[in-house]
Amino acid sequence: MNAMGSQPVPTRQDSRMGTPDRWLTSAAAVATAINAGVFFDFSFVVMPGLRELPAAQGISAMQAFNRSAVTPPLMLMMYVTAVLCVVLIVRALMRRTSPFVPWILAAAIAFLLASVAITGAGNVPLSASIDALDPAATESAARWDELFAQWVRWNHVRVLTSIAAAVGFVIALRPPRRTA
């Protein structure tokens, strides 16, 4: 407690991020930004390109993307980033009085929401529904339009939450303000 009896005075150690935490947070900032870039590219480059194709070609192309998405580079990037976020949550909870903790918690939770919850509950089931379409069937075109719109909406949310996570980690890395 301070002289007025209110809040505990942060110690020098509480107000500074240690080297392991700084490295982990820096890695998380970069990793979440890379993931955000992948999601961004799909939302604003790949999907609009697919939209310009006839439905049968768009469906076939998306099915090919769905097959290539579950290969090691993308999966490794998403899973390693998710694990890194969990490690940072645990480490942050161990240092609850530090000023950077709220930013780390918010950033890590935002990315886990994007990579685990939204991907698992939104984009993966929609991709499975797209994979089940017969590109040559005439009724697939209407279903493609519906699934396409839903997939892009969920992906926009992944873009925003991943960007928010990257920004949160960068803010957590800033030096603490000096108090008089």
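For the structure, check the block above.
Scoring rules and cut-offs
Residues numbered from 1 in each chain as written. Predicted model: local features only at pLDDT ≥ 70, side-chain atom pairs only at ≥ 80, totals over all residues. Heavy atoms only, no water. Helix = DSSP H or I, 4+ residues; strand = E, 2+ residues; numbered from the N terminus. Contact = heavy atoms within 4.5 Å. Polar contact = N/O pair within 3.5 Å; in protein donor to acceptor, adjacent residues only side chain to side chain. Core = buried A, V, L, I, M, F, W, Y, C linked by side-chain atoms within 4.5 Å. Buried < 20%, exposed > 50% of the residue type's maximum accessible area, 1.4 Å probe, protein only. Salt bridge = Lys/Arg side-chain N within 4 Å of Asp/Glu carboxyl O. Axes fitted to C-alpha atoms, helices over the stretch in contact; angles between N-to-C directions. Parallel < 35°, antiparallel > 145°, perpendicular 65-115°, else oblique. Nonpolar A, V, L, I, M, F, W, Y, C, P; charged D, E, K, R; others polar. Phe/Tyr/Trp six-rings, centres within 6.5 Å; stacked < 30°, edge-to-face > 60°. Lys NZ or Arg CZ within 6 Å of the ring centre and 35° of its normal.

Describe the environment of Asn 123, with residues and values.
Mapped onto the elements of the fold, Asn 123 is located in helix H4 (residues 101-131). Taking the C-alpha atoms as reference, Asn 123 lies 6.5 Å from Trp 154; in sequence the two are 31 residues apart. When near neighbours in sequence (up to four residues on either side) are disregarded, Asn 123 contacts Ile 118, Trp 151, Trp 154, Asn 155 and Arg 158. A polar atom in the side chain of Asn 123 sits 3.3 Å from the side chain of Arg 158.

Which residues make up the nonpolar core, and what values go with them?
Nonpolar side chains tend to gather and get buried jointly when the protein is soluble and globular. Among the nonpolar cores identified, the biggest contains 21 residues, and Met 17, Cys 85, Leu 88, Phe 100, Ile 104 and Phe 169 are the most heavily contacted of them. Where this core is concerned, the elements lending two or more residues are helix H1 (19-51), helix H3 (72-94), H4 and helix H5 (140-173). Looking at this core, the element that brings in the most residues is H4, giving 7 residues. Apart from residues no more than four positions distant in its own chain, Met 17 is found in contact with Arg 22, Thr 25, Phe 100, Ile 104, Ala 172 and Leu 173. Listed in part, the 13 residues of the second largest apolar core include Val 46, Trp 144, Leu 147 and Val 152.

Would you mind going over the pattern of salt bridges in detail, with residue names and values included?
Throughout the structure, instances matching the rule amount to 4 salt bridges. Here Asp 21 and Arg 95 are joined by a salt bridge, their closest N and O atoms 3.2 Å apart. You can see Asp 21 sitting in helix H1 and its partner Arg 95 sitting in the loop between H3 and H4, a full 74 residues away along the chain. On the basis of relative accessible area, Asp 21 is assigned to the buried category, the value being 4%.

Tell me about the packing of H1 against helix H2 (residues 55-69), residues and numbers included.
Put simply, H1 and H2 touch, their axes get as near as 9 Å, and they point 140° apart. One finds that H1 runs oblique with respect to H2. Residues Phe 42, Val 46, Met 47 and Leu 50 of H1 form the contact with H2, whose own contacting residues are Gly 58, Ala 61, Met 62 and Phe 65. In terms of residue class, the contact of H1 with H2 is made up of 7 nonpolar, 1 polar and no charged.

Tell me what's going on with the packing of aromatic side chains, and back it up with residues and numbers.
Each aromatic ring pair is characterised by the separation of its centres together with the angle its planes make. Overall, the coordinates contain 4 aromatic pairs when judged by the stated rule. A ring pair is formed by Phe 40 and Phe 44, whose centres lie 4.7 Å apart and whose planes are at 45°; its orientation type is tilted. With Phe 40 and Phe 44 both in helix H1, this residue pair falls 4 residues apart, about one helical turn. Taking relative accessible area as the criterion, Phe 40 reaches 44% and is therefore assigned partly exposed. Residue Phe 44 is classed as partly exposed on the basis of its relative accessible area, which comes to 45%. Through a chain of ring-to-ring contacts, three or more aromatic side chains come together here, namely Phe 42, Phe 65 and Trp 151. For the cation-ring pair, Arg 51 lies above Phe 148, with the distance from its terminal atom to the ring centre recorded as 4.0 Å.

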